[in-house]
Amino acid sequence: MSASFSEFDSTGGAKIFRLPLQVFPDFWAYAYIVRRERSVILIDAGSSLETSRQDLLRGFERAGVVPSDLTHILLTHGHIDHYGGLAALKPLTGAKVGCHELDLQTVTRHEAWLALASRRFASFLAETGLAADATDALLNMYRFTKKIHQPTFIDFTYDDIHAYLPDVELIHTPGHCPGHVVLRFDDVVFCGDMILENATPHLHPSTTGAYGGLSQYLASLEAFRAWVDGARLILNGHDEAIVNLPDRIDATHRNILRRMSKALRALTQPLTISEICYAIYGALEGYNALLVIEKTGAYVEYLYERGMIEIVNADEVEQGGPARYWRARDESETLEELQRVISAKTHIQEAA
Ligand SMILES: [Zn+2]
Ligand SMILES: [Zn+2]
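Residues numbered from 1 in each chain as written. Chains lettered and ligands numbered in written order. Predicted model: local features only at pLDDT ≥ 70, side-chain atom pairs only at ≥ 80, totals over all residues.

1. Examining the overall build of the protein chain
A tally of helices and strands in the protein chain yields 15 helices and 13 strands. Taken over the C-alpha trace, the protein chain has a radius of gyration of 21 Å; the compact-globule value for 352 residues is 20 Å, and the two agree within 12%. A buried classification covers 42% of the 352 residues belonging to the protein chain. In the protein chain, once contacts between residues fewer than 6 apart in sequence are set aside, the share between residues at least 24 apart is 68%. (Helix = DSSP H or I, 4+ residues; strand = E, 2+ residues; numbered from the N terminus. Rg over C-alpha atoms; globule rule 2.2 N^0.38 Å. Buried ≥ 20, exposed ≤ 12 C-beta atoms within 10 Å, placed from the backbone. Contact = placed C-beta atoms within 7 Å.)

The following block contains the structure:
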């Protein structure tokens, strides 16, 4: 996967530059510069890796902007591939940096935030029934951002954004990340990782972080769909501009449904989250193993909350053992209901 520099215009006269950044080895993200009459705004700042820092400066050069031109830096959300570059960039600018209040701790006090978050993650892993050595490996991966985090400062949170940028429009869209927001300038929308053109955004269960989970994400997606109505261009944090939002939302719903259907089909016998994860994704290694166990946790939580599956080993769970889930009702009936609740809007529209 690679990414390219690009330029766009808003109908209100803003000039927009898309900066490709290699935020991790072979993993790309985009930052955007929005140049308007009275402000030059950077949206997201890449990671703290050297490749990302170099790419960011190269992007500035191509856009004909120097870091000291920036008036504001706005984060779409507090993931390290979007804010990690701030530490190196901030001293080069006088820009005021803003993020959502729910991501303030992870961005500015990451080590302490991670210490608490990884305890919750460890408790989730204990629930999944993963083997001890795999659990240790995943916990170490979860904590890896500690090694690449650098001291980062925020000047304001979005509680107070209109004091800094009276004319920016913004909506809070938690789910992928607690403090995720979507920003809008004229008819151009910056949606971060809310929705992607070629992938389904990452999700985790709400037990490993407040404002997470599939229910929250789907609710935000519907709020976002209504809010961006009339926008001409939707630019995201990792891949190509969204050209057809209803299609893309529908495809995201279908991807989530496909994975959850696989889970439901496997649940003809009681399974742990780690066994369900294997049934959906097969055997995966490295960071992918971490991502899929979190996603599976989000799917199982959603099914469990709605009574579509149940836990069959309360005694074992009480003793600290993993939870075993079993399909509570008939397979095809449950699948139909799942389809209805996940993509209610999409399918109502199709039927009309
Ligand atoms: Zn993200
Ligand atoms: Zn991202």
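2. Let's talk about the sheet that holds strand β10 (residues 188-192)
A sheet is described by the order of its strands in space; here 4 strands give the open sequence β8-β9-β10-β11, paired in mixed fashion. The sheet terminates laterally at β8 (169-172) and β11 (233-236), the two strands that pair on one side only. Shown here is a sheet whose adjacent strand axes are inclined to one another by a mean of 20°, direction ignored. Of the strand pairs in this sheet, β10 and β11 are connected by 4 bridges, and their pairing is parallel. Paired with Val-188 across the two strands is Leu-233, which belongs to β11. (Pairing = 2+ DSSP bridges. Axes fitted to C-alpha atoms, helices over the stretch in contact; angles between N-to-C directions.)

3. So, helix α10 (residues 245-266)
Counted at 1.5 Å a residue, the expected span for α10 with its 22 residues is 32 Å, and the 32 Å between its end C-alpha atoms agrees. Among all positions of α10, only Ile-249, Thr-252, His-253, Ile-256, Met-260, Ala-263 and Leu-264 are buried. Down the axis of α10, the sector holding all buried residues measures 110°, keeping them to one side. Exposed residues on α10 whose side chains face more than 90 degrees from its buried face are Asp-247 and Arg-258. (Expected span 1.5 Å × (residues − 1). Arc of directions from axis to C-beta.)

4. Notes on the packing of α10 against helix α12 (residues 287-305)
The geometry of α10 relative to α12 is characterised by a closest axis approach of 10 Å and an angle of 70° between their N-to-C directions. One way to sum up the angle between α10 and α12 is to call them roughly perpendicular. For α10 against α12, the interelement crossing comes out right-handed. Residues Arg-259, Met-260 and Ala-263 of α10 pack against Tyr-299, Val-300 and Leu-303 of α12. The residue makeup of the contact of α10 with α12, split by class, is 5 nonpolar, no polar and 1 charged. (Parallel < 35°, antiparallel > 145°, perpendicular 65-115°, else oblique. Left-handed = near helix turned anticlockwise from the far one by under 90°. Nonpolar A, V, L, I, M, F, W, Y, C, P; charged D, E, K, R; others polar.)

5. Re the environment of Arg-265
Inspection of the secondary structure puts Arg-265 in helix α10. Look at Arg-265 and you get partly exposed, because 13 C-beta atoms sit within 10 Å. C-alpha separation for the pair Arg-265 and Ile-276, spaced 11 residues apart in sequence, amounts to 9.9 Å.

6. Some remarks on the pairing of strand β9 (residues 181-185)
For β9, the tally of buried residues reaches 4 of 5 residues, placing the bulk of the element in the interior. The pairing of β8 with β9 spans 4 bridges and is classified as antiparallel. In the strand pairing of β9, Ile-171 is matched with Val-182. Where β9 hands over to β10, the hairpin turn is made up of 2 residues, of which Asp-186 adopts a positive phi near 55°.

7. Quick notes on the environment of Phe-153
By the element assignment, Phe-153 lies in the loop between α7 (145-148) and β7 (156-157). Sequence-distant contacts of Phe-153, defined by excluding residues within four places in its chain, comprise Lys-90, Val-97 and Thr-108.

8. Side note on the sheet that holds strand β2 (residues 15-24)
The mixed open sheet is built from 7 strands, whose spatial order is β1-β2-β3-β4-β5-β6-β7. Looking at which strands have only one partner, the edges of the open sheet turn out to be β1 (6-9) and β7. Bridging between β1 and β2 involves 4 bridges; their strand directions are antiparallel. Its bridge partner lying in β2, Asp-9 is registered against Lys-15. Strands β2 and β3 (27-35) of the sheet are contacted by helix α1 (residues 50-63), whose axis makes an angle of about 160° with β2.

That's the geometry; what it means functionally is another story.
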